[in-house]
Amino acid sequence: MSGQWLAKQTGDREVHVAPLDDLIVHDLTDLCPCGPTPRREPCGDGSGGWIYTHHSLDGREADEA
C-alpha cells in the first residue's frame, strides 16, 4: 500500500480527497462505493464549498493515526 492521497477539485466548489493505489479505484463523486464523508467549508467570499473525504479499503487510516 502506498499511503498516498489525491486531492482534486472536481467542481467550482467541490474537492475530493481519495486514497491512491487502494483496493478499488475511487469514483470522485459522492456516489463512490467507499461512502465518502462530506464536509462543508467556508469560502473567502462568504459562500461555502464541499470537501469529500473518501475512505480507504486497505485500512491505511489505521496506520496513519
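Scope of this entry: the structure provided in the associated data block.

### Things to note about the side chain of Arg60
Take Arg60: it is sitting in helix 1 (residues 60-64). For Arg60, a relative accessible area of 1% gives the class buried. Within the structure, the side chain of Arg60 is placed 2.8 Å from the backbone oxygen of Leu20, a separation counted as a polar contact.

### Here we look at the packing of aromatic side chains
Within this structure, the stated rule accounts for 1 aromatic pair. The ring centre of Trp5 lies 5.7 Å from the NZ or CZ of Arg60, which sits over that ring.

### What about the pattern of salt bridges?
All chains considered together, the criterion is met by 4 salt bridges. A salt bridge links Arg13 to Asp12, with the shortest nitrogen-to-oxygen separation between them at 3.9 Å. The shortest N-O distance in the salt bridge between Glu41 and Arg39 comes to 2.6 Å. The class for Glu41 is partly exposed, based on a relative accessible area of 29%. Several salt bridges share partner residues, and in doing so they unite Asp12, Arg13 and Asp45 into one network.

### Side note on the sheet that holds strand 2 (residues 14-19)
Here we have 4 strands laid out as an open sheet, ordered 1-2-4-3, and mixed in their pairing. On the outer flanks of this sheet lie strand 1 (5-11) and strand 3 (37-42), each paired with one strand and no other. When the angles between neighbouring strand axes are averaged without regard to direction, this sheet yields 25°. Of the pairings in the sheet, the one linking strand 3 to strand 4 (residues 48-53) comprises 6 bridges and is antiparallel in character. Each bridged residue has a counterpart across the sheet, and for Thr37 the counterpart in strand 4 is Thr53.

Parameters and conventions
- Residues numbered from 1 in each chain as written.
- Predicted model: local features only at pLDDT ≥ 70, side-chain atom pairs only at ≥ 80, totals over all residues.
- Heavy atoms only, no water.
- Helix = DSSP H or I, 4+ residues; strand = E, 2+ residues; numbered from the N terminus.
- Buried < 20%, exposed > 50% of the residue type's maximum accessible area, 1.4 Å probe, protein only.
- Polar contact = N/O pair within 3.5 Å; in protein donor to acceptor, adjacent residues only side chain to side chain.
- Phe/Tyr/Trp six-rings, centres within 6.5 Å; stacked < 30°, edge-to-face > 60°.
- Lys NZ or Arg CZ within 6 Å of the ring centre and 35° of its normal.
- Salt bridge = Lys/Arg side-chain N within 4 Å of Asp/Glu carboxyl O.
- Pairing = 2+ DSSP bridges.
- Axes fitted to C-alpha atoms, helices over the stretch in contact; angles between N-to-C directions.

Structural measurements only, silent on function.
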